[in-house]
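# Structure at a glance
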Amino acid sequence: DEPDFPPWQTGEEMAYGAAPAGDLVAAYTIAVQEELAARGYNVGSADGVAGGRTRRAIQRYQSDAGLEVDGEVSLGLVNHLRLITANRDIDLDY
């Protein structure tokens, strides 16, 4: 008998209709690419692949924002970009 591994360890789609882990990485990457492009960073195309241009754009953004520079897509980077966007879009004129 083979042990039962969670679906994310076997490459199968996760239970209950959730997206496979690879889809989540691509979604985070697209979100980062779109947010960076909106700020004028050259990421190439927002295709969900963290190629050389995307990694260099992430590094430049991280450096500009005073973050640790690693050039990697992460949930923390997505949240930072979205927090900055949300704050930028808030109208505080009463």
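Shown above is the structure to which this text applies.
Residues numbered from 1 in each chain as written. Predicted model: local features only at pLDDT ≥ 70, side-chain atom pairs only at ≥ 80, totals over all residues. Heavy atoms only, no water.

## Describing the overall build of the protein
When helices and strands are counted, the protein shows 4 helices and 0 strands. Each helix and strand of the protein, placed in order from N terminus to C terminus, yields the pattern α-α-α-α. The buried share among the 94 residues of the protein stands at 20%. Within the protein, contacts between residues at least 6 apart in sequence are counted, and of these 25% link residues at least 24 apart. Accessible area for the protein stands at about 6,600 Å²; split by element, carbon and sulfur atoms hold 51% of it. (Helix = DSSP H or I, 4+ residues; strand = E, 2+ residues; numbered from the N terminus. Buried < 20%, exposed > 50% of the residue type's maximum accessible area, 1.4 Å probe, protein only. Contact = heavy atoms within 4.5 Å. Areas by Shrake-Rupley, 256 points an atom, 1.4 Å probe, with all protein chains shown as cover.)

## A look at the packing of aromatic side chains
Geometry of an aromatic ring pair is reported as the spacing of the ring centres plus the angle between the planes. A complete count under the given rule lists 1 aromatic pair for this structure. Between Y41 and Y61, the aromatic rings sit 5.7 Å apart at their centres with planes inclined by 85°, giving edge-to-face as the arrangement. Of the two residues, Y41 is situated in the loop between α2 (21–38) and α3 (52–64) and Y61 in helix α3; the sequence distance between them amounts to 20 residues. Accessibility assignment for this pair places Y41 and Y61 in one class, buried. (Phe/Tyr/Trp six-rings, centres within 6.5 Å; stacked < 30°, edge-to-face > 60°.)

## Some details on a nonpolar patch on the surface
A contiguous nonpolar patch, built from L24, Y28 and L75 and spanning about 250 Å² of accessible area, is present on the exposed surface. Along the chain, L24 falls in helix α2. Assessed through its relative accessible area of 41%, L24 is described here as partly exposed. (Patch = residues over 30% accessible without salt bridge, like charges linked within 9 Å, V, L, I, M, F, W, Y side chains within 5 Å. Salt bridge = Lys/Arg side-chain N within 4 Å of Asp/Glu carboxyl O.)

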